[in-house]
Amino acid sequence: MAKSTVKTRAIVLHTIKYGDSSLVVKMFTEDAGMQSFMVKGVYGKKSKMKAAMFQNMTLLEIVADVGNDSLGFVKELSLSHCYKTIPFDIKKTTIMIFISELLSKSISESETDTELFNFIYDSMIWLDEATSSYANFPLFFSMQLSKYLGFFPNIDTYSEGLCFDLLDGNFKKWNNDIYQIDAELSKIFFLISRQSLLKDTYTDSAATRLYDLNSRRKLLDAIVTYYKLHADNVREIKSVEVLREVF
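Since the structure is predicted, the reported quantities are computational estimates derived from the model, not experimental observations.

Enquirer: Go over empty space enclosed by the protein, please, and point to the residues and values.
Expert: All told, the structure shown has 1 cavity of 30 Å³ or more when counted by the stated rule. A volume near 80 Å³ is recorded for the largest cavity. In terms of lining residues, the largest cavity is bounded by Ala135, Pro138, Leu139, Leu213, Arg216, Arg217, Leu220, Leu243, Arg244 and Phe247. The element that contributes the greatest number of residues to the lining of the largest cavity is helix H5 (residues 213-230), accounting for 4 residues. The residue makeup of the lining of the largest cavity, split by class, is 7 nonpolar, no polar and 3 charged.

Spelled out as structure tokens, the structure:
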């Protein structure tokens, strides 16, 4: 397939330094899906493309050549949205590192998915503008993301006292299975999943305010395990340990 030039919004997911002055940058783009690009000369004093513009989850607008199995080439770029709070807030920065790793490992297709792109893009802007009540953001984001990836939990099977089975995605009676979580945590898992279906997913509510630190950490671990079981390329999420410590 011949390369074609596209102008598109893009979200930086992962960056690797290549040689002394170049980067290989993995981006999720609005019009070309997941793409990897070679960006040269980012450390040069006269370069218009600086390495700082390729931090995790940076929202860009790019003009680039894409199309075949080789690395794409970025011709032009600019910030699509300039973060106002995230670079100066250690909790938000840690969330972004976790989100970028989760996305980088769980999205493998290069096909265009505008709905998924808009979900990620709008979620990052919400986080940047949030002034409080965003501690549960990684939980809500991860569960909502699972809808787009095709393994959202079957919350219709929930009733009080049932336990969620991370392997088959259903709520059932406790049978001491290795992948079941207890009834108390399963109830929170259900509430988080149900909330993630709402238009105002990230808006604080009476239910989300009840989650204490210990429950939040346990739920985060359960969600990461859920991804390991259902997303083909997720073997581990290294940044989850830092996220657990920060929160």
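Enquirer: Which residues make up the packing of aromatic side chains, and what values do they have?
Expert: Under the defined criterion, the tally for this structure stands at 17 aromatic pairs. A cation sits over an aromatic face here: Arg9 above Tyr121, 4.2 Å from the ring centre. A cation over a ring is seen here: Lys92 above Tyr134, with NZ or CZ 5.1 Å from the ring centre.

Enquirer: I'd like a description of H5, backed by residues and values.
Expert: Look at H5: 26 Å from first C-alpha to last across 18 residues, which is about the 26 Å you get at 1.5 Å a residue. Those residues of H5 not exposed but buried are Ser215, Arg216, Leu219, Leu220, Ala222, Ile223, Val224, Tyr226 and Tyr227. Against helix H1 (90-106), helix H3 (137-149), strand S6 (163-165), helix H4 (183-195) and helix H6 (240-246) lie the buried residues of H5.

About the thresholds
Residues numbered from 1 in each chain as written. Predicted model: local features only at pLDDT ≥ 70, side-chain atom pairs only at ≥ 80, totals over all residues. Heavy atoms only, no water. 1 Å grid on protein atoms, 1.4 Å probe; cavity = no way out; pocket = protein on both sides within 12 Å on 5 of 7 lines; lining within 4 Å. Points joined across faces, edges and corners; volume = space filled by probe spheres on them. Helix = DSSP H or I, 4+ residues; strand = E, 2+ residues; numbered from the N terminus. Nonpolar A, V, L, I, M, F, W, Y, C, P; charged D, E, K, R; others polar. Phe/Tyr/Trp six-rings, centres within 6.5 Å; stacked < 30°, edge-to-face > 60°. Lys NZ or Arg CZ within 6 Å of the ring centre and 35° of its normal. Expected span 1.5 Å × (residues − 1). Buried < 20%, exposed > 50% of the residue type's maximum accessible area, 1.4 Å probe, protein only. Contact = heavy atoms within 4.5 Å.

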